[in-house]
Amino acid sequence: MDRFAELNAFSLVASHGGFSAAARQLGVATSSVTRLVDALEQRLGAPLLNRSTRSITLTDSGRTYLEHANQILAALAEADDAAGGGDGEPQGLLRVAAPVTLAIRYLAPLLPGLAERYPRLRLDLRLADSVTHLVDEAIDVAIRIGSPPQQPNLIARKLAGHRRHIVASPAYLAHHGTPGTPQDLAAHNCLQFAYGASRHSWHLRSADETVEVEVTGTLTVNNSELLRLAACDGLGLALLPAWLVQSDLDSGALLAVLPGHEANPGQMDIGIYAVYPASRRGSAKIRLLIDLLQAALPDE
């Protein structure tokens, strides 16, 4: 049992970037986590972590060991699911990674009901708009927007479609005019989401063609909710998902631009997916979260 405690402590230190954060997750003193990791390194005879006053990073041995450790912990969690799920109640820790705004809009409203109905279920939510590595960060299930990953060790279940709209406030369009063709976008202030790679074009598809238009603007931001607010305030055009702006379109706070075109920053055919390791396909906790999110998300 001490060896599993060591593995769990090391995995949490690596995924949280520090001993104090791992200790808070476990509900124990920081010194207890330090002793567990020290004991693990002594038993292995190899340093797993580079420790400094400013950061904790993995050594080369640590990266290799973490991958195997997380596989062992995932297998143990799967065994717990199978053994403890006999009463039909999901329980234990579920680590979920999800985009920030999507989680706030659709996952947060589910939390009170989950806590009331499944008191033995513990959630660890990691919110970021960047793609998380499931094994390295010990994630049980990740909610991703894009195309499903083509990896044999991962399962991707589609939760909903992901249509985007080009939108602007009535005040902006009254002052600057409404684009009539995709090429007209080049003359407008196009507010942009900051993707991992530098991207300065939008793809638009009609019944006749798909075109790529270079766009420029005075604002780039890595949060879609802030981008929505900027568009509502009349700063410019924005390319945003329907699940985020549909209420603004219904109220008239935002208007759709070029509604006869599908629009995306990259690939056209994308969706919202739940991605999890193939080894966890029988997890009652993962199945519960997926079913709830699929029911909550609007299908575009």
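In this report, the structure presented in the accompanying data block is examined.

## Observations regarding the nonpolar core
- In terms of nonpolar packing, the biggest core is built from 40 residues, with Val141, Ile143, Leu159, Ile272 and Leu293 touching the most fellow members.
- Among the elements that line this core, the one with the most residues is helix H10 (residues 284–296), at 5 residues.
- Those residues in contact with Val141 that sit more than four places away from it in its chain are Leu94, Arg95, Val96, Ala97, Ala274, Val275, Tyr276, Ile286 and Leu289.
- Core analysis: the next-biggest nonpolar cluster, separate from the first, contains 19 residues, Val13, Ala23, Tyr65 and Ala69 among them.

## Notes on the sheet that holds strand E14 (residues 262–264)
- Spatially, the 3 strands line up as an open sheet ordered E10-E9-E14, and their pairing is antiparallel. One side of each edge strand has no neighbouring strand; the edge strands of this open sheet are strand E10 (210–214) and E14. Taking the axes of each pair of neighbouring strands and ignoring which way they run, one obtains an average angle of 25° across the sheet.
- Inspection of the sheet shows strand E9 (residues 201–205) paired to E14 by 3 bridges, in the antiparallel sense. The partner of Leu204 across the bridge, within E14, is Ala263.

## Concerning the sheet that holds strand E3 (residues 92–98)
- On the basis of which strands lie adjacent, the open sheet formed by 5 strands has the order E4-E3-E5-E15-E6 and mixed pairing. Of all the strands in the sheet, just strand E4 (121–127) and strand E6 (154–161) have a single pairing partner and so form its edges. Neighbour-to-neighbour, the strand axes of the sheet open up by a mean angle of 25°, direction not taken into account.
- Summarising the sheet, strand E5 (residues 141–146) and strand E15 (residues 271–277) pair through 5 bridges and their orientation is antiparallel. By the bridge assignment for E15, Ile143 is matched with Ala274.
- In the packing of helix H5 (residues 100–107) onto the sheet, the strands contacted are E3, E4, E5 and E15, and the crossing angle to E4 comes to about 145°.

## What to know about empty space enclosed by the protein
- Summed over all chains, the structure comprises 4 cavities of 30 Å³ or more.
- Each pocket or cavity is described by its volume, and for the largest cavity that value is around 80 Å³.
- As for the largest cavity, its lining consists of 11 residues, and the residues nearest its centre are Gln192, Phe193, Tyr195, Trp202 and Pro265.
- Elements that contribute at least two residues to the lining of the largest cavity include exactly strand E8 (190–193) and E9.
- At 3 residues, E8 tops the list of elements feeding residues into the lining of the largest cavity.

## A closer look at the packing of helix H2 (residues 19–26) against helix H3 (residues 30–44)
- Look at H2 against H3: their axes get within 8 Å of each other, and the N-to-C directions meet at 110°. As far as their axial angle goes, H3 and H2 are roughly perpendicular. Between H2 and H3, the residues in contact are Phe19, Ser20, Ala22, Ala23 and Leu26 and Thr30, Val33, Thr34 and Val37, respectively.

## Regarding the packing of helix H8 (residues 224–232) against helix H9 (residues 242–251)
- The contact between H8 and H9 brings their axes to 11 Å, and the two run at 25°. Looking at the two axes, H8 sits roughly parallel to H9. The chirality of how H8 crosses H9 is right-handed. Of H9, the residues touching H8 (which contributes Ser224, Glu225, Arg228 and Cys232) are Leu244, Val245 and Asp248.

## Some words on the pairing of E15
- Extensive coverage of E15 is indicated by the burial of 7 of its 7 residues.
- Along E15, one buried face is formed by Gly271, Tyr273, Val275 and Pro277 and the opposite face, lined by Ile272, Ala274 and Tyr276, is buried too.
- Both E6 and E15 contribute to a ladder of 7 bridges, which runs antiparallel. Within the sheet, the bridge partner assigned to Ile155 lies in E15 and is Tyr276.

## Considering the pattern of salt bridges
- Tallied over the full model, the rule gives 11 salt bridges.
- Between Arg105 and Glu225 there is a salt bridge, and its shortest N-O distance comes to 3.3 Å. On the criterion of sequence distance, the pair formed by Arg105 in helix H5 and Glu225 in helix H8 is long-range, its members being 120 residues apart.
- For Glu225, a relative accessible area of 21% gives the class partly exposed.
- Here Arg157 and Asp291 are joined by a salt bridge, their closest N and O atoms 3.0 Å apart. On the criterion of sequence distance, the pair formed by Arg157 in strand E6 and Asp291 in helix H10 is long-range, its members being 134 residues apart.
- What makes Asp291 partly exposed here is its relative accessible area of 37%.
- Salt bridges sharing common partners tie together Arg105, Glu225, Arg228 and Asp248.

Analysis parameters
Residues numbered from 1 in each chain as written. Predicted model: local features only at pLDDT ≥ 70, side-chain atom pairs only at ≥ 80, totals over all residues. Heavy atoms only, no water. Core = buried A, V, L, I, M, F, W, Y, C linked by side-chain atoms within 4.5 Å. Buried < 20%, exposed > 50% of the residue type's maximum accessible area, 1.4 Å probe, protein only. Helix = DSSP H or I, 4+ residues; strand = E, 2+ residues; numbered from the N terminus. Contact = heavy atoms within 4.5 Å. Pairing = 2+ DSSP bridges. Axes fitted to C-alpha atoms, helices over the stretch in contact; angles between N-to-C directions. 1 Å grid on protein atoms, 1.4 Å probe; cavity = no way out; pocket = protein on both sides within 12 Å on 5 of 7 lines; lining within 4 Å. Points joined across faces, edges and corners; volume = space filled by probe spheres on them. Parallel < 35°, antiparallel > 145°, perpendicular 65-115°, else oblique. Left-handed = near helix turned anticlockwise from the far one by under 90°. Salt bridge = Lys/Arg side-chain N within 4 Å of Asp/Glu carboxyl O.

All quantities given are derived from atomic positions and should not be read as evidence of function.
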